[in-house]
Amino acid sequence: MDVVVAGSHGLVGSALVADLVERGHGVRRLVRRGAEADNGSAAGATPAGDDAAVRQVPWDPRTGELDPAALEGAGAVVNLAGAGIGDHRWTPAYKQKLLGSRTTTTSLLARTIARLDGPPVLVNASAVGAYGDRGDELLTEASERGDDFLAHLVKAWENATAPAAEAGARVVWLRSGIVLAPSGGALGRMLPLLRLGVGGPLGSGRQWWSWITLADEVAAVRHVIDANVRGPVNAVAPEPTTNRELTRALARALSRPAGLAVPRFALRIALGQLADDLIASQRVVPAVLNRTGFTWTHADPEAAARWVAGRPATGA
């Protein structure tokens with residue numbers, strides 16, 4: 001199968017491309033105009049690097065440029081494009097960038113898919129931020145949306161897929177939790193502190209964090225490409241965990257203490273409104289993945305923490 005990937009150079013995208021190639025799939029990376037020169041490739045489905053299984057196809061979401069031929073014959077389109085939630089303070093300008101970088105790319109892909117005969121499945125990145133700050137409430141794909149900035153961002157992001165769905169494409173909104181990885185991602189700032197023994201819970205630490213390891217996130221993308229599902233799918237581990245519990249599991253795996261909590265006011269000073277997302281409580285469970293037989297590699301926080309720390313699994 002050929003899989004088209006937008007946002008292929010981020011944390012999840014890079015891991016997904018490598019995984020697909022290892023499994024014998026062809027990959028078409030959508031590359032913005034001007035980026036081809038940066039990696040030495042010419043425009044127009046050109047092999048990326050030395051791997052002929054990965055090909056680069058130019059597009060430009062800002063101008064609406066995407067040749068439908070770039071998607072023809074593909075079995076799936078995976079859209080991971082969007083500015084990083086934690087890359088910048090949430091100024092009004094950056095909040096607009098977060099929204100625009102998602103809706104513009106998603107809308108272009110959805111409109112292009114709608115023009116194809118036999119449209120491919122569209123797996124569109126989304127987030128558990130759809131549910132807002134919900135305390136101890138157990139949340140499934142059927143739960144109501146929240147009413148904060150991220151919830152409204154996710155709604156607009158998911159709504160941008162409408163042209164593809166209306167044209168008969170199967171559309172999946174992969175609502176991911178916090179993606180745990182040995183480097184980068186949500187733990188990019190937290191892990192170095194934990195390795196030094198000076199990290200700790202954020203705020204009270206009692207907020208629920210719904211998380212998934214990078215390995216399971218990639219597997220979830222593959223799963224929903226093949227499974228007969230559509231609409232929202234929560235890409236989270238089956239055991240939501242409080243921030244305090246997850247932090248302590250990571251510290252144990254790193255053989256470090258984790259007693260220095262970071263107070264809410266300090267998070268606010270350092271991160272602005274982004275701090276509200278880190279201390280929001282979202283107790284999300286993966287009802288659709290459970291129902292469709294998905295198998296986790298890291299189902300509990302201890303297994304995830306050991307993987308992140310580079311330690312062998314228990315019993316290995």
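Before reading on, note that the structure itself is shown above.
The rules behind these values
- Residue numbers restart at each chain and count upward from 1, following the sequence in its written direction.
- Reporting of local features is limited, given that this is a predicted model, to residues whose pLDDT is at least 70; pairs of side-chain atoms are given and counted only at 80 or more, and all residues count toward the totals for whole chains, interfaces and linings.
- As a rule here, side-chain values cover all heavy atoms of the structure and leave hydrogens and water aside.
- Definition of nonpolar core: a set of buried residues of the types Ala, Val, Leu, Ile, Met, Phe, Trp, Tyr and Cys, connected through side-chain atoms within 4.5 Å.
- Accessibility here uses a 1.4 Å probe with only protein chains present; expressed as a share of the type maximum, an area under 20% marks a residue as buried, one over 50% as exposed, and anything in between as partly exposed.
- Each helix is a run of H or I in the DSSP string that is no shorter than four residues. Each strand is a run of E no shorter than two, and both are numbered from the N terminus.
- Two residues qualify as a contact provided that any one of their heavy atoms is within 4.5 Å of a heavy atom in the partner residue.
- A pair of strands counts as paired when DSSP detects no fewer than two bridges linking them.
- Handedness of a crossover: with both strands directed away from the viewer, a clockwise path from the first strand across the helix to the second marks it as right-handed.
- What counts as a salt bridge is simple: a side-chain nitrogen of Lys or Arg found within 4 Å of a carboxyl oxygen of Asp or Glu.

**Let's talk about the nonpolar core**
Consideration 1: Counting residues in hydrophobic clusters, the biggest one holds 32 residues, and the most contacted among them are Val224 and Val233.
Consideration 2: When residues of this core are assigned to their parent elements, the largest contribution, seven residues, is made by helix α7 (residues 214-226).
Consideration 3: In contact with Val233, not counting residues within four places along its chain, are Glu141, Val172, Trp173, Leu174, Arg175, Val224, Val288 and Leu289.
Consideration 4: Counting 21 residues, the second largest nonpolar core, distinct from the first, contains Val4, Val57, Ala70 and Ala169.

**Observations concerning the pairing of strand β2 (residues 26-32)**
Consideration 1: In terms of burial, β2 is a largely internal element, six of the seven residues being buried.
Consideration 2: Taken together, the four bridges between strand β1 (residues 2-6) and β2 define a ladder with parallel strand orientation. Looking at the pairing, Val4 lines up with Arg28 of β2.
Consideration 3: Assessed by its sense of winding, the connection that carries the chain from β1 through helix α1 (residues 11-22) to β2 is right-handed.

**Quick word on the pattern of salt bridges**
Consideration 1: Counting across every chain of the model gives eight salt bridges.
Consideration 2: Measuring nitrogen to oxygen at the nearest pair gives 2.8 Å for the salt bridge that ties Arg222 to Asp19. In this pair, Arg222 is assigned in helix α7 and Asp19 in helix α1, connecting sequence segments 203 residues apart.
Consideration 3: Residue classification places Arg222 among the partly exposed residues on the basis of a relative accessible area of 21%.
Consideration 4: A salt bridge links Arg252 to Glu302; its shortest N-O distance comes to 2.3 Å. Pair noted here: Arg252 is in helix α8 (residues 243-253) and Glu302 is in helix α12 (residues 301-308), with a separation of 50 residues, a long-range link.
Consideration 5: Residue class for Arg252 comes out partly exposed when judged on its relative accessible area of 47%.
Consideration 6: Owing to a relative accessible area of 34%, Glu302 belongs among the partly exposed residues under this scheme.

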